[in-house]
Each structure stands twice: as structure tokens, then as C-alpha cells.
Amino acid sequence: MAADPKPEEISHPPMDQLQGLEYCIDSNPSWGETIALGFQHYVLALGTAVMIPSFLVPLMGGNHGDKVRVVQTLLFVEGINTLLQTLFGTRLPIVIGGSYAFMVPIVSIIHDPSLMRIADDHLRFISTMRAVQGALIVSSSIQIILGYSQLWAICSRFFSPLGMVPVIALVGFGLFDRGFPVEYLSDWLCNSFFLCESISGCTVCRNRFSHAYPIRNLLSGVTAKPYVKNFFCYSLNLSHVIKRLKSIPLGAYLKSFQTKQVPILERFALLLSITVIWAYAHLLTASGAYKHRPEITQINCRTDQAYLISSAPWIKIPYPLQWGAPTFDAGHCFGMMAAVFVSMIESTGAYKAASRLASATPPPAHVLSRGIGWQGIGILLDGLFGTLTGSTVSVENIGLLGSTRVGSRRVIQISAGFMIFFSILGKFGALFASIPFPIFAAVYCVLFGLVASVGLSFLQFTNMNSMRNLFITGVAFFLGLSVPEYFREYTAKAYHGPTHTRAVWFDDFLNTIFFSSPTVALIIAVFLDNTLDYKDSARDRGMQWWVKFRTFNGDSRNEEFYTLPFNLNRFFPPS
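Computed from a predicted model, the values in this text were never measured in an experiment.

Undergrad: Just checking my understanding: could you explain the overall build of the protein for this structure?
TA: A tally of helices and strands in the protein yields 28 helices and 4 strands. The contacts of the protein with a sequence gap of at least 6 include a subset with a gap of at least 24, amounting to 82%. As presented, the protein carries roughly 22800 Å² of accessible surface, and 65% of it is formed by carbon and sulfur atoms.

Undergrad: What is the right way to look at the environment of G331 in this model?
TA: Locating G331 in the fold gives a position in helix α17 (residues 330-357). Residue class for G331 comes out partly exposed when judged on its relative accessible area of 24%.

Undergrad: Can you help me understand the UniProt feature "transmembrane region" (unreviewed entry) in the protein in this one?
TA: UniProt feature "transmembrane region" (unreviewed entry): in the numbering of this structure it lies at residues 39-59, 92-111, 131-151, 158-176, 268-290, 411-433, 439-458 and 509-528. End C-alpha atoms of residues 92-111 are separated by 38 Å, and the span's content is 40% helix alongside 15% strand. Annotated as residues 439-458, this span is 95% helix and 0% strand, and its ends, taken at the C-alpha atoms, are 31 Å apart.

Undergrad: Explanation requested: the side chain of T348 in the structure shown.
TA: In this fold, T348 is placed in helix α17. On the accessibility criterion, T348 (0% relative accessible area) is buried. In contact with T348, other than residues within four places in its own chain, are W152, F159, M164, L368 and I372.

Undergrad: Before we go on, may I ask you to explain the nonpolar core in this structure?
TA: Across soluble globular proteins, nonpolar side chains have a tendency to be buried as a group. Within the largest apolar cluster, 114 residues are counted, with the highest numbers of intra-cluster contacts made by Y42, L56, F102 and I398. Sorting elements by how many residues they give to this core places helix α2 (residues 31-59) first, with 14 residues. Ignoring any residue separated from it by four or fewer positions in sequence, one finds I398 in contact with I94, A350, A353, A354, L357, V393 and V451.

Undergrad: Sorry, what's going on with a nonpolar patch on the surface here?
TA: On the surface, a nonpolar cluster with roughly 330 Å² of combined accessible area is contributed by F173, F176, L456 and L481. Relative to the assigned elements, F173 resides in helix α8 (residues 161-173). When its relative accessible area of 36% is taken as the criterion, F173 is described as partly exposed.

Undergrad: Explain the environment of S517 here, please?
TA: Of note, S517 is situated in helix α25 (residues 517-529). In this structure S517 comes out as buried when scored by relative accessible area, which is 3%. Through-space distance from the C-alpha of S517 to that of V167 is 7.9 Å; in sequence the pair is 350 residues apart. With residues up to four places along the chain from it excluded, the contact list for S517 reads L170, G174, G480, L481 and P484.

Undergrad: I'm lost on α8 in this one. Help?
TA: Residues separated by three or four positions in an α-helix point in the same direction, a consequence of the helix having 3.6 residues per turn. Taking 1.5 Å per residue, 13 residues should reach 18 Å; α8 reaches 18 Å between its end C-alpha atoms and fits that length. Counting buried residues along α8, 12 of its 13 residues qualify, which places the element largely inside the surrounding structure. Within the sequence span of α8, burial applies to P161, L162, G163, M164, V165, P166, V167, I168, A169, L170, V171 and G172.

Undergrad: Help me understand the packing of aromatic side chains, please; the structure alone is not making it clear to me.
TA: Note on aromatic pairs: each is described by the distance of the centres and the angle between the planes. In total, this model carries 25 aromatic pairs according to the counting rule given. With a centroid separation of 6.5 Å and an interplanar angle of 65°, the aromatic rings of F39 and F422 are classed as edge-to-face. Note that F39 is positioned in helix α2 and F422 in helix α20 (residues 409-424), a separation of 383 residues in sequence. Considered together, F39 and F422 belong to a single accessibility category, that of buried residues. An angle of 80° between the planes, with centres 5.4 Å apart, marks the rings of F125 and W323 as edge-to-face. Linking F125 in helix α6 (residues 121-148) with W323 in the loop between α16 (308-311) and α17, this pair joins segments that are 198 residues apart in sequence. Residue classification places F125 among the buried positions, given a relative accessible area of 0%. Under the relative-accessibility criterion, W323 is labelled buried at 3%.

Undergrad: So what exactly am I meant to see when it comes to helix α24 (residues 504-514) here?
TA: Taken together, the buried positions of α24 are occupied by D507, D508, N511, T512 and I513. Here the buried face of α24 lies against α4 (103-110), α17, α23 (467-494) and α25.

Undergrad: Quick question: what am I supposed to make of unusual backbone geometry here?
TA: Excluding glycine, residues mostly have negative phi values, and the peptide bonds linking residues are mostly trans. Here Q150, not a glycine, exhibits a phi torsion of approximately 70°, which is positive. Here Q150 lies in the loop between α6 and α7 (151-156). According to the relative accessible area criterion, Q150 is partly exposed, its value standing at 21%. In this structure, S359 takes a positive phi of about 60° despite not being glycine. Position of S359 among the secondary structure elements: in the loop between α17 and α18 (365-385).

Undergrad: Please explain the packing of α2 against α20 as it appears in this structure.
TA: Packed helices, taken two at a time, are described by their axes: the angle between them and the distance between them. The contact between α2 and α20 brings their axes to 7 Å, and the two run at 60°. Compared by their axis directions, α2 and α20 come out oblique. With respect to the hand of their crossing, α2 and α20 are arranged in right-handed fashion. Packed against α2, whose contacting residues are W31, T34, I35, L37, G38, F39, H41, Y42 and A45, the element α20 presents R410, V411, I412, I414, S415, F418, M419 and F422 at the interface.

Undergrad: Could you clarify how one ought to interpret the side chain of T404 in this entry?
TA: Within the secondary structure, T404 sits in helix α19 (residues 395-404). A relative accessible area of 2% places T404 in the buried class. Polar side-chain contacts of T404 include one of 3.5 Å to the backbone oxygen of L401. With residues up to four places along the chain from it excluded, the contact list for T404 reads L37, Q40, E266 and R267.

What counts and how
Residues numbered from 1 in each chain as written. Predicted model: local features only at pLDDT ≥ 70, side-chain atom pairs only at ≥ 80, totals over all residues. Heavy atoms only, no water. Helix = DSSP H or I, 4+ residues; strand = E, 2+ residues; numbered from the N terminus. Contact = heavy atoms within 4.5 Å. Areas by Shrake-Rupley, 256 points an atom, 1.4 Å probe, with all protein chains shown as cover. Buried < 20%, exposed > 50% of the residue type's maximum accessible area, 1.4 Å probe, protein only. UniProt positions renumbered as here; feature names shortened; annotations may be inferred. Core = buried A, V, L, I, M, F, W, Y, C linked by side-chain atoms within 4.5 Å. Patch = residues over 30% accessible without salt bridge, like charges linked within 9 Å, V, L, I, M, F, W, Y side chains within 5 Å. Salt bridge = Lys/Arg side-chain N within 4 Å of Asp/Glu carboxyl O. Expected span 1.5 Å × (residues − 1). Phe/Tyr/Trp six-rings, centres within 6.5 Å; stacked < 30°, edge-to-face > 60°. Axes fitted to C-alpha atoms, helices over the stretch in contact; angles between N-to-C directions. Parallel < 35°, antiparallel > 145°, perpendicular 65-115°, else oblique. Left-handed = near helix turned anticlockwise from the far one by under 90°. Polar contact = N/O pair within 3.5 Å; in protein donor to acceptor, adjacent residues only side chain to side chain.

Structure follows, in C-alpha cells:
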């Protein structure tokens, strides 16, 4: 009869820092490898930077030239915000990119009757852009005030490891509809049009294919069917899609393949897979394989259908107020404030996930609040430059930290340099931005899942044999997925969100909040965790482990990871 296993043989002790990374925040690869990894992060950031303007600019009446300018501006400001965050914010290796949380209020502004009445498309685009800028500038004050006043640091003291598990996990899981190309593109289009106000269903909107469709048809499945029908994009069969989905995990199995002690297939799996598939797509485009395919297939599979290269200038430097003076409307600003609040919550979860994948300690409350403050400055810059969306932490780039096992801050700063450089050299930047969307969607399937698993790893600091903890975790997870899905389904059928009153700003505020899985999860988990037998459950919640990371001086390792550069801690002492 076999002897019973010892406890140490069947359990794993909790670890403050994730093991197995080759480089943490302050350790750097060679310069050549650093530059290559930085370029890889830049290429990954292109997905969101191109997707958001590609969907919104045509709705505003903009042309291909306008779309290119918005993409350039968004990348330029992303680079600046990333540098600011890595130097003076949390100092974590994170990319600050465009946020999908701002879609609801922005689409609401686009369909404001006062703007829709403008007959000239270009004038309507400029007027809408100025309205979005004004709303972003005003709403950025939320994060600036909560961050620099340390109010968010006070709020974060109510966050336990148990309460943050569903929040961090749903930062990744909540983006499930952005991953698989069919679901992502069809749902995205439905969500983009939901604020077209029409009870009778006869409203006509202009989509990104420059065709007019009744809004009822767009929301009832006409957009989804072509994607399903023409799903076999490149090789026109399912096996190629599977190959795309396996491209990054393959690097994990072949990580022993090395060149000069560098695991090429593990470290650069994303760059290699995107290059091969992109080249294949370009070959099919040049050979005429898509000439007689439906238009929807050509738009998503051809490499010349984004019209970025032909419309991009050779050199163009974005500058503040380039679209003109922003306009301010109280209703637009209130709706946008909800998106800023959602962005703050999602970034809070992303900060903690990034610290884990960079082999750092959890950011102290003071550092967390400092990062939110600088993110508010980033949204202010978004409004001044006119990026058409606000800023948040790029979840896919956090996943890439774990995929490459490189959490170096210098790599991210190099990627920020690429963003600024290629946003100025328009033609070269447009070349990389012409990568078809389905390629990015396949990559997201791996990276979002990796970030979600980091959130689950925080369960090691809690007692999951506690019925209280099981209840809180399960309810927060389920509602965090179910409530936003209900809002999406309701919107697709009713052409407006569940909150539908005469006060459009109030509708935008609530609909934006409940469209976000991490936000719903935080509301549920933190409320239950701090009200349900909380006095007798501090150890079960993981608070005894978490408490030493609440203050900057609580752990000696914090100084290594989060101290400001240039000896600025003398002027801004940590609390």
C-alpha cells in the first residue's frame, strides 16, 4: 500500500513574485534583443490603434486621410503616455494604449442630433472630433484628482487579494469577444451602432465599408452573416485559422531552440507568426486570390484595403488642437466621465497583473494612485491632440510580457520610441499598420487568456476552502460576465442600452459602467468582501499577506521597483 503523500509534496507555497522570468523590471536584455522586443510590443499595439479609428472615423463622416491622421495621432500620444507612465507613473513595464471603454459615450456623441444634421461629411467629422476632445479634456479631471489627491490610494486599501481576483481575471476574460475574428468583428459592429436612436428601426448609418445600411439590419445579424460565410480568410479553410491560433503557443513548446543563447521561437513568437501570416496574406492579395471574393472578405483579408499606405503622408507631426478648438457640452462630459471611471478600474487590475508578470511586488497604494494620476494626464493629452479615444493600460502588451518572459521596463520604453517615430514617418508606420485585423484577433486569444490566468494566480494567497470565499469569487465572476453580456444582447435587439431615459448623459453613464466586466466584478467583489463577515475573515481574504504592500516602506523591494528616477523622491516622498 502506497504511503500517504506529505503536505509539502502536494501543495505549493505562495510566492510574492512570479518565478520563471528571464528579465524583471530593472534587468535588461542586450541592446539588440531589447530593440527587437520593443518593436514586437509596438507591432502588437498597432491592433487597437488601428481598429478604433477604423470603426469610428467613417461613422463621423471622415475619409481615409482623416483615419490615417487619427491613427498617427493615437500612436504618437500612446508613445508619450507610455514614456510618462514608465518614468513617472507606476514605473511598471506597461504600454498605454487606446481604450474600448470609451466607445459608448463616443458613439453617443457621434449620433448627437446637432452633429448629425451637418450635411458636409468633413465638417461633421471635424465638429464631432472637437466635441469628443472637449469631453475627454473635462472628464480627465476625474483620474487626475483621484490620483494625485491619493483618494484612489485610500480606496485601494479596501481591495484584498480575494476581491481583486475576479477584477484582474476579467481584465483578460472580459475581452473574449475581441479574440475570435467572427465574434469580435460582428459584435464590435453591433456595439458600434447601438446608439443610433431609432425606435422604428429606419435610421440609416454609414459603416466602415462606406455603404448605407438600415440600422435594424445591422443589429439583427446582417453584419454577422458575411463574417461567418467568409470566415475562411487566408487559406479559405479552417485549418489555417487553427494554425494562426497555435502560432504563439508553439513557441512555448520550441523554446529550447536557441541562437546565441537567445530562445528565438519563444522570445519572438508573435513577431515571427505575424510576419509569416502577413506575408502570406500579401502574397494572396498580389496574386489576385481575392478578386472575385465578396467585399466583406476582401476588406478583412486583403492587405491593401485599409488604404492607410496610400493615404498616409510621408512626414506629419501631430500637435495639440490640430483639429481646432474643442467644444464643450455638459451631457457629453458626464457620459465620458463614466468611461474614465471604467478605464481607471480596468487599469488598476492591469497594473497588478503587470507587476506579477514583471516579477515585481504588487504596487503600493501610493504608486497605484500615482499611476492613475499620470493616466489622467494621458487622457488630457488625448483630448488636446484629438486621438478620438481615451487611454488605458494595453492588456495585450501585458500578456506579451508573460509570453516572452521579459518584464524589462527598457523594452517598453523602446517600444514607445517606435510609436513616436513611426507615427511621424507616416508611410512607414502605415505599412506596419496594414496588418489585417483577424491576425491580431488570433493573437489576442492567447495573450488575453494569459492575463486572465494571472488574476487567478492571486487565489494562492486566499483560503479557497472557505465557503465565504467561494461564494464571493463565484458570484463576482458570474455577474462580471453575465451583466455586460446582457447589456450587449439587449442593445443589439432594442437598438439602445437597458438604461434608456430622456437624459442621454445618464444613459451613457450607466450603460458604460455595466458594459465593463472588470467594473461589474469590482463592484460586486469589493462590496461583498468588505461587508460579508469581513472582521473574522482577514486571513482567509489574504489581507495578512497583502498588508505589507499597502505602503511604500512596507517592503524593502518596493524601492527597487517603484522609486522615481532622477532622485525625484526627495520632492515627492512616497507615503
